[in-house]
Amino acid sequence: MPWPPIGKPRSKNTVADNNPTHHRSHQGALRRPSLSLPLRRKGIPMAKEVMTRLDPNSRAAAKGLSDLTIRNLFIIPTIAFLIIFNIFPLLYSLGYSFTDFRASTNAPAKFIGLQNYRDLLSDPFIWKNFSITAKYVLISVTGQVIVGFSLAMLLNRAIPAKGLITTLLLLPMMLSMAVVGLFWKLLYDPNFGIINYFLGLGKFEWLADPDMALWAIAIVDIWMWSPFVMLLSLAGLSAVPKHLYEAAEIDRAGSFYTFFRITLPLVAPILMIAIIFRTMEAFKTFDLAYVLSSQPTTELIAIRLYKMAFQEWQTGMSSALAYIVLIMVVAITNIYVKYLNKVKAR
């Protein structure tokens with residue numbers, strides 16, 4: 001009998017080698033055909049194949065529902081909700097921003113083009129509101145990052161009752177902003193407020209002073225939302241590999257070097273995400289400032305927008321102002337996102 005070619009082992013059963021039927025059955029016993037093989041040949045991933053097949057023994061299959069029907073039952077209501085309550089009002093107000101319209105009258109809307117935008121961008125009082133808002137955002141977000149990150153550094157170690165302390169620190173951000181505003185209004189009260197009592201300031205009026213009112217509101221915002229920054233920073237700190245600190249300790253690196261070379265660079269992406277969220281929210285602050293103070297120096301752009309829309313009833317003008325605020329927030333967010341991508345790329 002001739003020897004088999006080099007590289008192919010000689011079979012012990014020559015009858016099986018010469019029998020094509022037996023050869024196919026032998027291969028089938030060793031290698032079971034996969035149901036996903038046709039899909040894989042077409043380039044469809046295995047996960048997609050699993051998602052596109054419905055279990056024939058499930059309740060949905062017994063009721064005659066296909067996987068496509070079940071998927072649509074979840075997606076269509078969500079899309080309808082977003083269109084009705086988000087997209088439609090957004091487009092509707094965009095149309096009003098090009099008109100001279102007051103919701104308090106029965107007069108029809110008059111199309112005036114970009115006149116509302118020209119009037120707003122040339123109004124010095126609007127720019128004063130924007131400058132007050134920018135100052136408030138800078139003070140508030142900076143304070144939240146410093147306080148929140150400091151708390152996260154303190155909690156990123158083994159301390160007694162760590163879970164209880166973290167839970168108590170998260171309570172302020174769970175409260176309503178209107179309730180927080182009323183609560184701190186009592187604390188700032190010059191007659192019986194405890195803040196002046198502890199600081200020994202007598203009857204200093206925090207909210208009535210034009211220079212301190214904005215700072216007082218920013219302090220409340222820092223107290224309320226620093227736990228949010230703390231929570232994200234704590235998640236980032238817990239993800240830093242411990243062996244980096246051990247290597248720095250072996251190399252006798254100081255705490256200052258360890259913080260700026262290890263801790264801060266690795267936590268920076270999550271910290272930037274916290275800054276993005278807090279900047280967007282601080283730029284839209286309304287209820288906290290509205291409840292605490294009525295000083296002209298604390299009239300944020302959101303308060304000006306509210307007065308224009310619901311006190312002066314300038315519906316077309318207020319819609320244009322809302323879109324200007326939206327464009328500014330989106331522009332600032334894009335700047336942050338680009339910087340975040342650079343930080344992640346390092």
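Residues numbered from 1 in each chain as written. Predicted model: local features only at pLDDT ≥ 70, side-chain atom pairs only at ≥ 80, totals over all residues. Heavy atoms only, no water.

A few words on unusual backbone geometry. Located in the positive-phi region is Ala-161, a residue other than glycine, with phi close to 55°. Here Ala-161 falls in the partly exposed class, since its relative accessible area comes to 46%. If you check the backbone angles, Trp-313 has positive phi at about 55° while not being a glycine. Relative to the assigned elements, Trp-313 resides in the loop between helix H16 (301-310) and helix H17 (315-345). (Buried < 20%, exposed > 50% of the residue type's maximum accessible area, 1.4 Å probe, protein only. Helix = DSSP H or I, 4+ residues; strand = E, 2+ residues; numbered from the N terminus.)

What the rule picks out here adds up to four salt bridges. Between Glu-281 and Lys-284 there is a salt bridge, with its nearest N and O atoms 3.7 Å apart. Notably, a salt bridge pairs Glu-312 with Arg-304, separated by 3.0 Å at the nearest N-O pair. (Salt bridge = Lys/Arg side-chain N within 4 Å of Asp/Glu carboxyl O.)

Judged by nonpolar contacts, the single largest core of 59 residues is most densely connected at Leu-120, Phe-130, Tyr-136, Trp-184, Tyr-188 and Leu-288. Not counting residues up to four positions away in its chain, the partners in contact with Tyr-136 are Leu-214, Ile-217, Ala-218, Asp-221, Ala-282, Thr-285, Leu-288 and Leu-300. (Core = buried A, V, L, I, M, F, W, Y, C linked by side-chain atoms within 4.5 Å. Contact = heavy atoms within 4.5 Å.)

The subject of this paragraph is helix H12 (residues 213-238). For H12, built from 26 residues, the straight-helix expectation of 38 Å at 1.5 Å per residue is met to within 8% by its first-to-last C-alpha distance of 38 Å. Maximum bend of H12: about 40°, positioned at Trp-225, with proline Pro-227 one to four residues after it. (Expected span 1.5 Å × (residues − 1). Bend = angle between axes of the 7 residues up to and from the residue.)

Let us now look at the packing of helix H10 (residues 177-187) against H12. Packed helix pairs are specified by the crossing angle of their axes together with the interaxial distance, meaning the distance between the axes. Orientation of H10 relative to H12, taken along the N-to-C sense of each, is 130°, at an axis distance of 11 Å. Between H10 and H12, the interaxial angle falls into the category oblique. For the pair H10 and H12, the crossing hand works out as right-handed. Residues Met-177, Val-180 and Trp-184 of H10 pack against Val-220, Asp-221, Trp-223, Met-224 and Trp-225 of H12. For the contact of H10 with H12, the per-class residue count stands at seven nonpolar, no polar and one charged. (Axes fitted to C-alpha atoms, helices over the stretch in contact; angles between N-to-C directions. Parallel < 35°, antiparallel > 145°, perpendicular 65-115°, else oblique. Left-handed = near helix turned anticlockwise from the far one by under 90°. Nonpolar A, V, L, I, M, F, W, Y, C, P; charged D, E, K, R; others polar.)

By convention here, two paired aromatic rings are described through the distance between centres and the angle between planes. Counting across every chain of the model gives 21 aromatic pairs. Between Tyr-96 and Phe-101 the ring centres are 4.7 Å apart and the planes differ by 10°, which places this aromatic pair in the stacked class. On the accessibility criterion, Phe-101 (14% relative accessible area) is buried. Pairing Phe-256 with Phe-260 gives two aromatic rings, centres 4.6 Å apart and planes at 50°, and the pair type is tilted. With Phe-256 and Phe-260 both in helix H14 (residues 255-283) and four residues apart, this pair spans about one turn of that helix. Under the relative-accessibility criterion, Phe-256 is labelled exposed at 62%. Owing to a relative accessible area of 43%, Phe-260 belongs among the partly exposed residues under this scheme. (Phe/Tyr/Trp six-rings, centres within 6.5 Å; stacked < 30°, edge-to-face > 60°.)

The next subject is the confidence of the model for the protein. Per-chain confidence: the protein averages 82 in pLDDT, with 81% of residues scoring 70 or above. Ranking the elements of the protein by mean pLDDT puts helix H4 (residues 46-51) last, at 44, and helix H8 (residues 124-155) first, at 95. Across residues 6-42, confidence stays below pLDDT 50; counting only partners more than four residues off in sequence or on other chains, it has 14 contacts. Scored below 50 in pLDDT, residues 44-52 makes eight contacts in the model with residues more than four places away or belonging to other chains. (pLDDT = per-residue confidence, 0-100.)

Turning our eyes to something else, we now look at the side chain of Ser-233. The residue Ser-233 is located in helix H12 in this model. Residue Ser-233 is classed as buried on the basis of its relative accessible area of 1%. Sequence-distant contacts of Ser-233, that is, excluding residues within four places in its chain, are made with Phe-149, Ala-152, Val-267 and Leu-271.

Here Ile-83 lies in helix H6 (residues 67-96). Look past the residues within four positions of Ile-83 in its chain and what remains in contact with it is Phe-88 and Pro-89.

Within the secondary structure, Tyr-188 sits in the loop between H10 and helix H11 (194-199). Residue classification places Tyr-188 among the buried positions, given a relative accessible area of 3%. For the pair Tyr-188 and Glu-205, spaced 17 residues apart in sequence, the C-alpha to C-alpha distance is 7.3 Å. Those residues in contact with Tyr-188 that lie beyond four places of it in its chain are Ile-195, Asn-196, Phe-204, Trp-206, Leu-207, Ala-216, Ile-219 and Val-220. In terms of polar contacts, Tyr-188 uses its side chain to reach the backbone carbonyl oxygen of Ala-216, at 3.0 Å. (Polar contact = N/O pair within 3.5 Å; in protein donor to acceptor, adjacent residues only side chain to side chain.)

What follows covers the packing of H14 against H17. Put simply, H14 and H17 touch, their axes get as near as 10 Å, and they point 175° apart. One finds that H14 runs roughly antiparallel with respect to H17. Contact residues: Ala-268, Pro-269, Met-272, Ile-273, Ile-275, Ile-276, Thr-279, Met-280 and Phe-283 in H14; Val-325, Met-328, Val-329, Ile-332, Thr-333, Tyr-336, Val-337, Tyr-339, Leu-340, Val-343 and Lys-344 in H17.

This brings us to a nonpolar patch on the surface. Together, Leu-73, Phe-74, Ile-75, Ile-79, Phe-81, Leu-82, Ile-83, Ile-84, Phe-85, Ile-87 and Leu-91 line one region of the surface with nonpolar side chains, adding up to about 1,100 Å² of accessible area. Among the structural elements, Ile-79 can be located in helix H6. (Patch = residues over 30% accessible without salt bridge, like charges linked within 9 Å, V, L, I, M, F, W, Y side chains within 5 Å. Areas by Shrake-Rupley, 256 points an atom, 1.4 Å probe, with all protein chains shown as cover.)

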